[in-house]
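Commentary on secondary and tertiary structure
Here is what each chain is made of, one letter per residue.
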Amino acid sequence: MDLLIQNLISPVVLAFVLGLVARWIKSDLEIPSAIYQGMSVYLLFAIGLKGGVSLSESTLAELAAPAALTIVLGVLTPVSAFFLLRGFGRLSRIDAAATAAHYGSVSAVTFIAALEAVRLAGMPSNGYLTALLAVLEVPGIIVGLLLARQSRAGGVKAALHEVITGKSIFLMIGGLVIGALCGAAKVDSVAPFFITPFKGVLCIFLLELGMVAASRMSDIRKAGWRMIVLGCALPLLHGAVATAAAVGVGMASGGAAVFGAMVGSASYIAAPAAVRIALPQASPGIYLTLSLGVTFPFNLCVGIPLFLKLSEILTTLKS
Amino acid sequence: MDLLIQNLISPVVLAFVLGLVARWIKSDLEIPSAIYQGMSVYLLFAIGLKGGVSLSESTLAELAAPAALTIVLGVLTPVSAFFLLRGFGRLSRIDAAATAAHYGSVSAVTFIAALEAVRLAGMPSNGYLTALLAVLEVPGIIVGLLLARQSRAGGVKAALHEVITGKSIFLMIGGLVIGALCGAAKVDSVAPFFITPFKGVLCIFLLELGMVAASRMSDIRKAGWRMIVLGCALPLLHGAVATAAAVGVGMASGGAAVFGAMVGSASYIAAPAAVRIALPQASPGIYLTLSLGVTFPFNLCVGIPLFLKLSEILTTLKS
Amino acid sequence: MDLLIQNLISPVVLAFVLGLVARWIKSDLEIPSAIYQGMSVYLLFAIGLKGGVSLSESTLAELAAPAALTIVLGVLTPVSAFFLLRGFGRLSRIDAAATAAHYGSVSAVTFIAALEAVRLAGMPSNGYLTALLAVLEVPGIIVGLLLARQSRAGGVKAALHEVITGKSIFLMIGGLVIGALCGAAKVDSVAPFFITPFKGVLCIFLLELGMVAASRMSDIRKAGWRMIVLGCALPLLHGAVATAAAVGVGMASGGAAVFGAMVGSASYIAAPAAVRIALPQASPGIYLTLSLGVTFPFNLCVGIPLFLKLSEILTTLKS
Amino acid sequence: MKVPLTLVTIVIEGLLKDQLIQLLRRHGATGFTITRTEGAGSRGVRASDWEGPNLRFECIVSRESADPILEDVARTFFENYSVIGWLTEVSVVRGTKFTSGGG
Amino acid sequence: MKVPLTLVTIVIEGLLKDQLIQLLRRHGATGFTITRTEGAGSRGVRASDWEGPNLRFECIVSRESADPILEDVARTFFENYSVIGWLTEVSVVRGTKFTSGGG
Amino acid sequence: MKVPLTLVTIVIEGLLKDQLIQLLRRHGATGFTITRTEGAGSRGVRASDWEGPNLRFECIVSRESADPILEDVARTFFENYSVIGWLTEVSVVRGTKFTSGGG
Ligand SMILES: Nc1ncnc2c1ncn2[C@@H]1O[C@H](COP(=O)(O)O)[C@@H](O)[C@H]1O
Ligand SMILES: Nc1ncnc2c1ncn2[C@@H]1O[C@H](COP(=O)(O)O)[C@@H](O)[C@H]1O
Ligand SMILES: Nc1ncnc2c1ncn2[C@@H]1O[C@H](COP(=O)(O)O)[C@@H](O)[C@H]1O
Ligand code: NA
Ligand code: NA
Ligand code: NA
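Everything numeric here is computed off the predicted structure, so don't read it as measured data.

Quick word on the overall build of chain D
For chain D, the helix and strand inventory stands at 3 helices and 4 strands. The N-to-C order of helical and strand elements in chain D reads β-α-β-β-α-β-α. With 103 residues in all, chain D has 62% of them scored as buried. Here the analysis covers contacts within chain D between residues at least 6 apart in sequence; of these, 80% occur between residues at least 24 apart. Element-wise, carbon and sulfur atoms account for 50% of the exposed surface of chain D, whose accessible area totals about 3800 Å².

Brief notes about the interface of chain A and chain B
Tallying the contact residues gives 29 residues for chain A and 24 residues for chain B. Taken together, the two surfaces of chain A and chain B that pack against each other cover about 2200 Å², and 78% of this comes from carbon and sulfur. Per-residue buried area on chain A facing chain B is highest for A:Pro11, A:Leu18 and A:Asp28; these three make up 23% of the total on that side. On inspection of chain A and its partner chain B, the count reaches 3 residue pairs in polar contact (both at pLDDT 80 or more). Going through the elements one at a time, helix 2 (11-24), helix 3 (33-56), helix 6 (108-121) and helix 11 (198-217) of chain A are the ones with two or more residues in the side of chain A that touches chain B. Broken down by class, the residue content of the side of chain A that touches chain B amounts to 18 nonpolar, 5 polar and 6 charged.

Regarding the coordination of the sodium ion (ligand 4)
Residue and element names in this part refer to chain A. Protein-derived ligands of the sodium ion (ligand 4) are Tyr-103 (O), Ser-105 (O), Val-263 (O) and Ser-265 (O), with the metal-ligand distances lying across 2.4 to 2.6 Å. Mapped onto the sequence, the residues coordinating the sodium ion (ligand 4) show the spacing Y-x1-S-x157-V-x1-S. With a gap of 160 residues between them, Ser-105 in the loop between helix 5 (93-104) and helix 6 and Ser-265 in the loop between helix 14 (253-264) and helix 15 (270-278) connect regions that are remote in the sequence. Per residue, the accessibility class of Ser-105 equals that of Ser-265, and both read buried.

As for the relation of the copies chain A and chain B
When chain A is fitted onto chain B, the two copies agree to an RMSD of 0.0 Å after a turn of 120° and an axial shift of 0.0 Å. The relationship between the two copies is best expressed as a three-fold rotation axis. Relative to the rotation axis, the C-alpha of A:Ala34 is the closest in chain A, positioned 3.8 Å from it. Taken together, the interface assignments show that only 7% of the residues at the interface of chain A recur at the interface of chain B, consistent with different surfaces on the two copies.

Topic: the environment of D:Ser65
All names here are of chain D. Its location among the elements puts Ser-65 in helix 2 (residues 63-77). Separated by 60 residues in the primary sequence, Ser-65 and Leu-5 place their C-alpha atoms 9.7 Å from one another. A distance of 2.5 Å separates the side chain of Ser-65 from the side chain of Ser-62, its partner in a polar contact.

Let's talk about the coordination of the sodium ion (ligand 5)
Reference geometry at the metal: tetrahedral coordination by four donors gives ideal angles of 109.5 degrees; octahedral coordination by six donors gives 90 or 180 degrees. Residues and elements named next belong to chain B. Around the sodium ion (ligand 5), the protein contributes the donor atoms Tyr-103 (O), Ser-105 (O), Val-263 (O) and Ser-265 (O), which lie 2.4 to 2.6 Å from the metal centre. On the primary sequence, the residues serving as donors to the sodium ion (ligand 5) are separated as Y-x1-S-x157-V-x1-S. With a gap of 162 residues between them, Tyr-103 in helix 5 (residues 93-104) and Ser-265 in the loop between helix 14 (253-264) and helix 15 (270-278) connect regions that are remote in the sequence. On the basis of relative accessible area, Ser-265 is assigned to the buried category, the value being 0%.

Quick word on the layout of surface pockets
Estimates place the volume of the second largest pocket at around 970 Å³. If you go around the second largest pocket, you meet 37 residues; those closest to its centre are A:Phe193, A:Val201, B:Phe193, B:Val201 and C:Phe193. Here the lining of the second largest pocket is built from residues that sort into 31 nonpolar, 6 polar and no charged.

Comments concerning the packing of helix 11 (residues 198-217) of chain B against helix 16 (residues 284-318) of chain B
Packed helices, taken two at a time, are described by the angle between their axes plus the distance between the axes. Residue and element names in this part refer to chain B. With their axes 9 Å apart at the nearest point, helix 11 and helix 16 run at an angle of 125° to one another. It follows from the interaxial angle that helix 11 and helix 16 lie oblique. As helix 11 packs across helix 16, the resulting crossing turns out to be left-handed. Contact with helix 11, carried on its side by Leu-206, Leu-209, Val-212, Ala-213, Arg-216 and Met-217, involves Pro-284, Gly-285, Leu-288, Thr-289, Leu-292, Gly-293, Phe-296 and Pro-297 of helix 16 and no other residues of that element.

Some words on the side chain of A:Ser27
By secondary structure assignment, the location of A:Ser27 is in the loop between helix 2 and helix 3. We classify A:Ser27 as buried; its relative accessible area is 7%. Non-local contacts of A:Ser27, meaning those with residues more than four positions away in its chain, are made with A:Ala22, B:Thr165, B:Gly166, B:Lys167 and B:Phe170.

Some details on unusual backbone geometry
For B:Arg90, which is not a glycine, the phi torsion comes out positive at approximately 60°. Considering the arrangement of structural elements, one finds B:Arg90 in the loop between helix 4 (60-87) and helix 5. The backbone of C:Lys26 sits at a positive phi, close to 55°, despite the residue not being glycine. Following the sequence through the fold, C:Lys26 ends up in the loop between helix 2 (11-24) and helix 3 (33-56). Residue classification places C:Lys26 among the exposed residues on the basis of a relative accessible area of 64%.

Section: the confidence of the model for chain D
The predicted coordinates should not be examined in detail at positions where pLDDT is low. Residue and element names in this part refer to chain D. Averaged over all residues, the pLDDT of chain D is 84; the fraction at 70 or higher stands at 80%. Ranking the elements of chain D by mean pLDDT puts helix 3 (residues 96-99) last, at 61, and strand 3 (residues 54-61) first, at 95. Interface confidence for the predicted complex, given as ipTM, is 0.92, next to a pTM of 0.93.

What to know about the nonpolar core
Formed by 249 residues in total, the largest nonpolar core has its most connected members in A:Phe194, A:Phe259, B:Phe194, B:Phe259, C:Phe194 and C:Phe259. Discounting chain neighbours no more than four positions away, the residues touching C:Phe194 are B:Gly200, B:Cys203, B:Ile204, C:Tyr42, C:Phe45, C:Ala46 and C:Leu49.

Some points on the arrangement of the chains
Of all C-alpha pairs spanning chain B and chain E, none lies closer than 12 Å, and the two are not in contact. These two, chain A and chain F, are apart from each other, with no contact and a minimum C-alpha gap of 12 Å.

Thoughts on the confidence of the model for chain A
Put simply, chain A has an average pLDDT of 90, and 96% of its residues get 70 or more. Of all the helices and strands in chain A, helix 8 (residues 155-165) of chain A carries the lowest mean pLDDT, 72, while helix 14 of chain A carries the highest, 97.

Thoughts on the pairing of strand 1 (residues 2-12) of chain F
Residues and elements named next belong to chain F. Taking burial as the measure, the 11 residues of strand 1 include 8 buried ones, the bulk of the element. Pairing of strand 1 with strand 4 (residues 83-93) involves 11 bridges; the strand directions are antiparallel. Within strand 4, the position partnered with Pro-4 by the bridge is Ser-91. As judged from the 7 bridges shared by strand 1 and strand 3 (residues 54-61), these two strands associate in the antiparallel manner. Bridged to Leu-7 within strand 3 is Ile-60.

Looking at empty space enclosed by the protein
Residues and elements named next belong to chain C. One pass over the full model with this rule turns up 11 cavities of 30 Å³ or more. Estimates place the volume of the largest cavity at around 160 Å³. Lining the largest cavity are 16 residues, with Leu-44, Ser-107, Ala-108, Val-109 and Ile-269 positioned closest to its centre. Of all the secondary structure elements, the ones that give two or more residues to the lining of the largest cavity are helix 3 and helix 6 (108-121). With 4 residues, the single largest contributor to the lining of the largest cavity is helix 3. Classifying every residue of the lining of the largest cavity by side-chain character gives 11 nonpolar, 4 polar and 1 charged.

Overview of the state of the cysteines
Applying the stated criterion across every chain yields a total of 0 disulfides over all chains. No disulfide involves B:Cys232; its sulfur sits 11 Å from that of B:Cys301, the nearest cysteine.

A few points about the packing of aromatic side chains
For the structure shown, the criterion picks out 36 aromatic pairs over all chains. Relative to D:Tyr81, the ring of D:Phe77 lies with its centre 6.2 Å away and its plane at 70°, an arrangement referred to as edge-to-face. Classification of D:Phe77 as buried rests on a relative accessible area of 1%. Three or more aromatic residues joined by ring pairs form one cluster here, namely A:Tyr42, A:Phe45, A:Phe193, A:Phe194 and A:Phe198. The side chain of A:Arg226 reaches across the aromatic face of A:Phe88, ending 5.1 Å from its centre.

What to know about helix 6 of chain A
Count 3.6 residues to each turn of an α-helix, and residues three or four apart come out pointing the same way. All names here are of chain A. With 14 residues, helix 6 ought to run about 20 Å at 1.5 Å a step, and its terminal C-alpha atoms sit 20 Å apart, in line with that. For helix 6, the tally of buried residues reaches 10 of 14 residues, placing the bulk of the element in the interior. For helix 6, the complete set of buried residues consists of Ala-108, Val-109, Thr-110, Phe-111, Ile-112, Ala-113, Ala-114, Glu-116, Ala-117 and Val-118. Gly-122 occupies a position one or two residues after helix 6 and carries a positive phi of about 70°.

The rules behind each value
- Residues numbered from 1 in each chain as written.
- Chains lettered and ligands numbered in written order.
- Predicted model: local features only at pLDDT ≥ 70, side-chain atom pairs only at ≥ 80, totals over all residues.
- Heavy atoms only, no water.
- Helix = DSSP H or I, 4+ residues; strand = E, 2+ residues; numbered from the N terminus.
- Buried < 20%, exposed > 50% of the residue type's maximum accessible area, 1.4 Å probe, protein only.
- Contact = heavy atoms within 4.5 Å.
- Areas by Shrake-Rupley, 256 points an atom, 1.4 Å probe, with all protein chains shown as cover.
- Buried area = accessible area lost by both parts, 1.4 Å probe.
- Polar contact = N/O pair within 3.5 Å; in protein donor to acceptor, adjacent residues only side chain to side chain.
- Nonpolar A, V, L, I, M, F, W, Y, C, P; charged D, E, K, R; others polar.
- Donors = N, O, S within 2.8 Å, 3.2 Å for Na, K, Ca; no water.
- Least-squares fit on C-alpha atoms with pLDDT ≥ 70 in both.
- 1 Å grid on protein atoms, 1.4 Å probe; cavity = no way out; pocket = protein on both sides within 12 Å on 5 of 7 lines; lining within 4 Å.
- Points joined across faces, edges and corners; volume = space filled by probe spheres on them.
- Axes fitted to C-alpha atoms, helices over the stretch in contact; angles between N-to-C directions.
- Parallel < 35°, antiparallel > 145°, perpendicular 65-115°, else oblique.
- Left-handed = near helix turned anticlockwise from the far one by under 90°.
- pLDDT = per-residue confidence, 0-100.
- Core = buried A, V, L, I, M, F, W, Y, C linked by side-chain atoms within 4.5 Å.
- Pairing = 2+ DSSP bridges.
- Disulfide = S-S within 2.5 Å.
- Phe/Tyr/Trp six-rings, centres within 6.5 Å; stacked < 30°, edge-to-face > 60°.
- Lys NZ or Arg CZ within 6 Å of the ring centre and 35° of its normal.
- Expected span 1.5 Å × (residues − 1).

Encoded structure:
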């Protein structure tokens, strides 16, 4: 409980709440779209850069098991999401597949919030996590689209192109490669721009995300209670399994928690773009509302502290 | 005199001058409007955040007298401004009231410039000043609008809504609450974005403000000499009274000077928006020219060093 | 060779390459134009500011010889470029003159990349270099336009106005004056915005520049091999002469290398704007492609390390 | 299949965004497109730059709704604010969207 | 010297930018002008803000090409995306630029 | 009360902003609205991105002034710059503002 409150009272989470409030009281606050796009470029590139540096400091032996686990979960989570959304959620095949693609992919902001929570809790983490983040972005989307089984002529191919050349993943992988090539010493010269102010930029980004999420939340009622239940259950299920598996393959307690939050999260940047191209018949009103309106705030407030606790317990049990 | 020059030769003031020069020599320099809006969001939120942290470190006892004084001056200054603008300034009731609302409210940039001057002069200040800044924004505008006695159906109510949900005050109060809740330790993680680079962002902001003020200054001649006299006399009057009162209630010498500059300043962000909604018949050519074209540069160059000197003298006399 | 690779593997150069790649694989990555303009304002002002501070720490005696050399080279380089572009390059008088104006002027980004390379190589530099950068911007453009001998009524005058009130030079000189007036102590308060994060902002700027250069490079084939040869030969010629002369007048080994890179570089910010106004008949397809598509990447990858080596050798010979 | 409709274009201070949206909705507009603009006119007075640039609204409506909208805009804003508006005859495919409110 | 032509205006989700450009090129458009816009309509569904705002395309074409373009846009995008388009009669000086593709 | 006027639309390189404003003023335009745009055309040459994006000018003028403005734009800019322009017939309420220059 204390951990939960400790997690909630942080500039980043409160900025998200401030964004929600802005919409609720109908403030005329607006972040110009050019600024929002600029911040996105900054955040994705910076995440990649940081991941690249830690990648350059990791050995292949260290990486093998976590990377394999990431790919396995990237393939399994959209499948489990799909069947739950079809069965319990009563969605059409198309909508279930589209939404499953989101749960198969990952939310970078959730990842960062988890990293920060782990840092504050003083738990040990793993440097290569950002590399896993980049790995996890792609397979979930592909599997999701395949589950739809039907898509526009060339749709899956177009979507694959969209995913890989799409700016989100392009920037993150670009940053990753640059960080890995340059290493810590050289990235140091750009750290005062990409590393130290990162969390502050994230605050403003979450302010905007809060405003967007508020509009999404007003659609929740339309989605029905089954959707809300799934929006909370899916991250719990995926996150708990992932945390346990991560402890199993020997990740540090903090690292396993971050891994859990990451696998439990749903994409709202890369996946929507790819899905909109490949499955235009699917309803954004469903998949965006679930991923941004339900799962993201749920993870931010409840999921992350739970995975921290879970990982702590499992790590103690294991040793 | 030395203090005056010391105050003028600073990156922030010179950036303002550079903006004036840009317009005078007809340079094609332009800050894109999205950047300007982004910087405003940043500055207002950062001011609030910093204020919130220092609020979290202040005791209620410490705050009571200064807060009461702020509200009293927030009600009195628009009244004195109104009668001087009506009498000496020969403005219509509507225009006098609209302009009075600006002098009742406050300019955040003047406030920050004063803080910086105090820091450079090595004078002791008070942490809770930013909280007072937020308090002082609102009452002056309301009193100003009431003085107009006539306004569109629902005008004052609409203006009140505009003031309170208006993005300027929303962001500052939002930052204040977040800062107060998180406290210094947690705000530290975002300090490299919101605190350390703050004055640099302010430079670019003042570059733009200089360009805007230059267009306003070209309207000064139309306003007539009576307006110019008032644009200098009002900040002197309000600022001197406020400085003296602040020393009286026991604020530190630097804090009292900042308080004086703040009360003496005229709003050009929150007030114009509210006035434009509630008193559309009032002429922006008058109130914007006075507040941004006369009073702002006057305070930046002359007012602030005077209040510093005054506060120094009064503090010595008192002790 | 090692120096060359050492130079290439840096966040700034790799960000440029990433921009090229983005266009080659047809990624939908885009930097909003408002962000690009905002970064330009930031970079030019920051360069000026830094230069101003070091100017305030230089003596006139120290400056005299380098400044005279700068002006001489600013007049000579467009002339040599003009005759080579006419003779070997077979350009029309107008196109040769327009392109010569670019080689007479200077690329601020090349300058900064050279500064960084010198810093990494641990070679001693000279503080006043940024002041020389500002000096070098103007004469080359004027000489280039005069070489065209024909231009629209009032064209040269309009171009002169454009160059001097143009935002690029206005911002850099504005920053220079502010930096010189304020000195190191006062600029310190804005250093966390203008100095420390500088190289990071440059990364994102080069990402965008890479995307622009990619479009230019696709025009290279049209330009023909003679153009490509000149796009590499001109910076080599100008840069080598300038490096030698700089060592001659007693600049530090690192400083002389930076000076060489600066004189060898071709403008793609200030010059194109002035040329487009004064010589609208000249083809941007030629001068932009050469300066941004050939000479800029050539200097970034090959020129700078060569000038470093050359300067090292010459300095050893001299002492 | 092509339907003749009217495009209402209104340039207005950013401050009045919400008020204008409400006005358009009252007249039954099914949607609108907003662009940030900069401009100069006979008055050129604006609250402050922080309120953002002028906005240019475009709204496709039926021929009959166009005049009342512009009249209403004129009545509500012309006296005190920087506002201008004009009508253009356009043709739209599948125009039912704009008259009956259907998707 | 003035030539009567048609202005095709299309408002579309930013995500579809490349697809629409290809469509216009296929119909022989010699150029187009794009503006960032914001809007509201009957659906208002968009992929995500990161894809950028809606885009407003303007394209001057010959009278005969206008209808097929709008028909093609309708066929390709109307069912699943937020798209609207309309035609305006305009006149252009030196209009050869837009019909023969010459500069 | 509605007055028939002409809307002149001109898309031009950002570099030429001041020159075009002067040209419009010379022809008696009482105001104009500017939008940042991006575009592609037959030439697509621009000074540099630092000069900002293309600009789209809209200017409401009397029927008689429209042709001379566009002719003048063509004469001044067409040969060497990326510029295009077109005219649309529009109607404006309280149109006196645009012809007599009154507020
Ligand atoms: N003749 C015109 N043509 C196009 N836009 C105009 C014209 N006059 C005014 N505007 C626009 O309307 C806004 C307000 O005009 P005004 O009320 O005359 O200051 C200006 O900022 C311009 O964006
Ligand atoms: N009646 C309208 N007039 C002008 N623009 C519209 C109209 N309806 C829709 N739009 C634009 O078209 C986009 C998509 O509309 P919709 O498909 O109805 O959601 C909106 O975001 C608006 O920018
Ligand atoms: N057919 C067209 N329709 C609309 N805008 C165009 C068209 N052709 C050119 N443009 C615009 O005019 C600018 C200059 O065109 P150009 O001179 O052909 O390169 C382009 O950047 C576009 O914004
Ligand atoms: Na996931
Ligand atoms: Na005040
Ligand atoms: Na040069």
